[in-house]
Amino acid sequence: MLRRPGASLSSGPSVVVPVNHSSVATLFDREVVTSRQSRGLEQFFAYVRGQVGLSILDFAGASQENINFITNLGHRLYSEDFVRSLDDVFGDEDPNDQTNQGLIDQFLRQMLNFEKDQFDGVLVWDVLQYLTPPLLTATLEKLSTIVRPQGYLLAYFHADEKARQVPFYSFRIKDQQTLVLAQRGTRQPAQIFNNRSLEKLFQKFESVKFFLTREQLREVIVRR
Amino acid sequence: MSIFNKRQEEVPPAPRPAATPPSNPIEVKKEATPLSSTPFKTPEPPDSTRGQASIGKAVKINGQIYSKEDLYVDGDVEGTIELQDHRLTIGPNGKVHSSVKAREVVVLGNIQGNVDASDKLEIRKDARLVGDIKTARIIIEDGAYFKGSIDIVKPEPARSSPSAPPRPQSAPAPAANAQGVAVAAEVKR
C-alpha cells in the first residue's frame, strides 16, 4: 500500500538544504530532504569515470541534478520514473496485481523496452524492493539483457527486516559521493532482502559487492 | 419579450456633433475595465510585436510546420515542427505528437516525439515529454515528467579565423553545379 503525505509533493521547485549526514529537513510540510554519503555511488562512478559517451539508465525519473551530473561526465542519460510507471500499470493499492502476467509484460514493454546490451550502467536505486517475486524475476531478467557484459547496476535495499513501511525517495546526485534524498512518501516493500538473499537474487550476474552503511540501507553494486 | 426585441428598443445614440478641434487638449481616459474581459492566462502568451506566430488551443494541425519566426503552440499538432534559429513554445494546452527542431524549445504542455534544440530546452513544471532529446543545455523543473534519452551536444566553438586554410591543389574543393548540388571534381594527370 502506498501512502503519500501530500498530493503535491513534487510540485514546485524543491529547495534542497544541505544538511549533515542522515539529518532530516522538512520544507514547507511538503518534501523531506536529506543528504547522505554513498560509497556505492562513488564506486559506480569510479567504474565509469575516465570514459565518455557511455549510456546510463536512471530509474529515479528526470531531475536537474542527475541530468547535470551524468551529462557533464560526457555520458548519455536515459531517464525513467520506475515507480511512477509501476503505479501506472499495476495501480498503487494492491501489490498482488504484480503477479498478473499480462500486466508484467505490459510493464516491461513500457519500462524496459531497450535493445540488448544498450546500457553501460543502470542506477536502479531502491525500486527492486517494491516488486513481488514474479515481477522482480522478470525485471532482473530484462535488466540482464539490456546491460552490456561488464556493465554495472547500483541498487539500494532497506535492511530493516521488521519495517512495514519504508521511506520512498527520489535520488538526486549532488556529487560523486553525495546523494540528496527527497522523500516522496512511504511504501510497503514487497520483499526485504539480506545479504544472502541478495546474492541469490543476482546469481546470474558476475559479481555482487555490498557496502555497509550506518543507516538501514544496503548499497549493492552488481556487475553483469 | 425576447432579448432581440429588447435590443431594438434601445435608445439610439444621440447624433455626434461635428468634429471641431478642442480649444484645450482633453486627456483621454481609458476605461477602468477593458471591453474584452475574457480571462486568458498563459505563462507566456504570444506577443505579436515580437514576431511570434501562434497556434491557438482550439486548432489542430496534421502535417509539417516550418517557421522562420518564433512559434507558440497551444493546440494539437501531429507531424513535424521545424524552426530555424527560432524559439518554439508549447503552451500548457499544447499537445504535440511530432518531432521538433528549433534553436530553443520551451515545454509547458505535452510533447510525444524527439526534440532537437540546438541551444536550450526547458521542461517546465507539469509539462510532459516522452521522446529523445538532443540539446546543448537542458532545464527541467520539479514536477515535470520526462521519459527518454538526453544527449548533450556542445555547440562547436567559433573559428578564430574566418578564412579556411588553403587546400592542396591535388584535392580541390567540391564545386557547385547550376542546381546548387555539390560535386567533386576529379583531377587526372
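Owing to the predicted nature of the structure, the values given are computational and were not obtained by experimental measurement.

A. Examining the overall build of chain B more closely. When helices and strands are counted, chain B shows one helix and 13 strands. Listing every helix and strand of chain B by position from the N terminus yields α-β-β-β-β-β-β-β-β-β-β-β-β-β. In chain B, buried positions account for 23% of the 189 residues. In chain B, of all internal contacts separated by at least 6 residues, the share reaching a separation of at least 24 is 4%.

B. Examining the overall build of chain A more closely. On a plain count of helices and strands, chain A comes out with six helices and 11 strands. Residue burial in chain A is summarised as follows: out of 224 residues, 42% are buried. Taking the contacts inside chain A whose residues are at least 6 apart along the sequence as the reference set, 61% of them involve residues at least 24 apart.

C. How the structure looks around the interface of chain B and chain A. With 16 residues of chain B in contact, the opposing surface of chain A contributes 15 residues. Breaking the side of chain B that touches chain A down by element, the ones donating at least two residues are strand S10 (133-140) and strand S11 (145-152) of chain B. Taken together, the residues of the side of chain B that touches chain A break down into eight nonpolar, three polar and five charged. Here three bridges tie strand S5 (residues 76-79) of chain A to S11(B), and the two strands are oriented antiparallel to one another. Residue pairing across strands places Tyr78(A) opposite Ser149(B), the latter belonging to S11(B).

D. Seen up close, helix H5 (residues 133-146) of chain A. Residues and elements named next belong to chain A. Look at H5: 20 Å from first C-alpha to last across 14 residues, which is about the 20 Å you get at 1.5 Å a residue. Inspection of H5 places Leu135, Thr139, Leu143 and Ile146 among the buried residues, and these make up the whole buried set. Each buried residue of H5 lies within a common arc of 70° when the element is viewed along its axis, so the set occupies one face. In H5, the exposed positions that point more than 90 degrees away from the buried face belong to Pro133 and Glu141. Close packing links the buried residues of H5 with helix H4 (101-111), strand S6 (119-125) and strand S7 (147-158).

E. Main features of the packing of helix H3 (residues 82-90) of chain A against H4(A). Residues and elements named next belong to chain A. Where H3 meets H4, the axes come as close as 10 Å, and the angle between the chain directions of the two elements is 145°. Every pair of crossing elements has a handedness; the one defined by H3 and H4 is right-handed. Counting all contacts with H3, which are made through Phe82, Ser85, Val89 and Phe90, the residues of H4 involved are Leu103, Gln106, Phe107, Gln110 and Met111. Each residue belonging to the contact of H3 with H4 can be placed in one class, and the counts come to six nonpolar, three polar and no charged.

F. Looking closely at the pairing of strand S11 (residues 217-223) of chain A. Residues and elements named next belong to chain A. Summarising burial for S11: six of the seven residues are buried, a large majority. The pairing of S7 with S11 spans seven bridges and is antiparallel. When the sheet's bridge partners are listed, Ala155 is paired in S11 with Val220. Taken together, the five bridges between strand S10 (residues 207-211) and S11 define a ladder with antiparallel strand orientation. Bridge pairing in S11 places Val208 opposite Val222.

G. Region of interest: the nonpolar core. Counting residues in each nonpolar core, the largest one holds 87 residues, and the members touching the most others are Leu123(A), Val124(A), Leu153(A), Leu154(A), Ala155(A), Val105(B) and Val107(B). The element contributing the most residues to this core is S7(A), with seven residues. Among all residues touching Val105(B), those that are not within four sequence positions of it are Leu88(B), Val100(B), Val115(B), Ala117(B) and Leu121(B).

H. Quick look at the confidence of the model for chain B. Residues and elements named next belong to chain B. Looking at chain B as a whole, the pLDDT averages 71, with 56% of positions reaching at least 70. Averaged pLDDT values for the elements of chain B fall to 29 in strand S13 (residues 182-183) and rise to 96 in strand S7 (residues 110-112). Confidence drops under a pLDDT of 50 for residues 161-189, and excluding neighbours within four residues, the segment shows 13 contacts in the predicted structure. ipTM for the predicted complex: 0.76, alongside a pTM of 0.71.

I. Spatial organisation of the confidence of the model for chain A. All names here are of chain A. Looking at chain A, the pLDDT average stands at 80 and 84% of residues meet or exceed 70. Within chain A, S6 carries the highest mean pLDDT (94), whereas strand S1 (residues 2-3) carries the lowest (39). Of the regions scoring below 50 in pLDDT, residues 1-29 engages in 53 contacts with residues more than four places distant in sequence or in other chains.

J. Here's a closer look at the environment of Gly61(A). Residue and element names in this part refer to chain A. Within the secondary structure, Gly61 sits in the loop between strand S4 (55-58) and helix H2 (64-72). C-beta crowding within 10 Å serves as the criterion here: with 25 such atoms nearby, Gly61 is assigned to the buried category. Remark: the alpha-carbon pair of Gly61 and Thr139, spanning 78 residues in sequence, is separated by 17 Å. With residues up to four places along the chain from it excluded, the contact list for Gly61 reads Ser79, Asp81, Arg84 and Ser170.

K. Representation of helix H1 (residues 39-48) of chain A within the structure. All names here are of chain A. Buried residues of H1: Gly40, Leu41, Phe44 and Phe45, and no others. Taken end-on, H1 shows its buried residues confined to a sector of 125°, consistent with a single buried face. The elements touched by buried residues of H1 are S6, S7, strand S8 (166-175), strand S9 (178-187), S10 and S11. Gly50 sits one or two positions beyond H1 and adopts a positive phi of about 85°.

L. Broad picture of the environment of Pro133(A). Within the secondary structure, Pro133(A) sits in helix H5. Judged by the 12 C-beta atoms lying within 10 Å of it, Pro133(A) is exposed.

Parameters at a glance
The numbering scheme is per chain: residues are counted from 1 as the chain's sequence reads. Following the order in which they are written, the chains are lettered starting with A and the ligands numbered starting with 1. For this predicted model, a pLDDT threshold of at least 70 governs which residues receive local features, and a threshold of 80 or more governs which side-chain atom pairs are given and counted, while totals over whole chains, interfaces and linings are taken from all residues. The helix and strand labels rest on DSSP assignments: H or I over at least four residues marks a helix, E over at least two residues marks a strand, and numbering proceeds from the N terminus. The exposure scheme places C-beta atoms from the backbone and then counts, for each residue, the other C-beta atoms within 10 Å of its own, assigning buried at 20 or more, exposed at 12 or fewer, and partly exposed in between. Note that contacts rest on C-beta atoms placed from the backbone: two residues are in contact if these are within 7 Å. Charged residues are taken to be Asp, Glu, Lys and Arg, nonpolar residues to be Ala, Val, Leu, Ile, Met, Phe, Trp, Tyr, Cys and Pro, and polar residues to be all remaining types, Gly included. Should DSSP find at least two bridges between two strands, the strands are taken to pair. For a helix, the expected span equals 1.5 Å multiplied by the number of residues minus one. Regarding the arc, it is the one traced by the directions from the helix axis to the C-beta atoms. Under this scheme, a helix contributes an axis fitted over its contacting stretch, all axes are lines through C-alpha atoms, and angles between N-to-C directions fall in the 0 to 180 degree range. Note on convention: near helix rotated counterclockwise from far helix by under a right angle means a left-handed crossing. Clockwise means right-handed. What we call a nonpolar core is a set of buried Ala, Val, Leu, Ile, Met, Phe, Trp, Tyr and Cys residues whose membership is set by joining through C-beta atoms within 7 Å. Residue-level confidence of the predictor is summarised by pLDDT, bounded by 0 at the bottom and 100 at the top.

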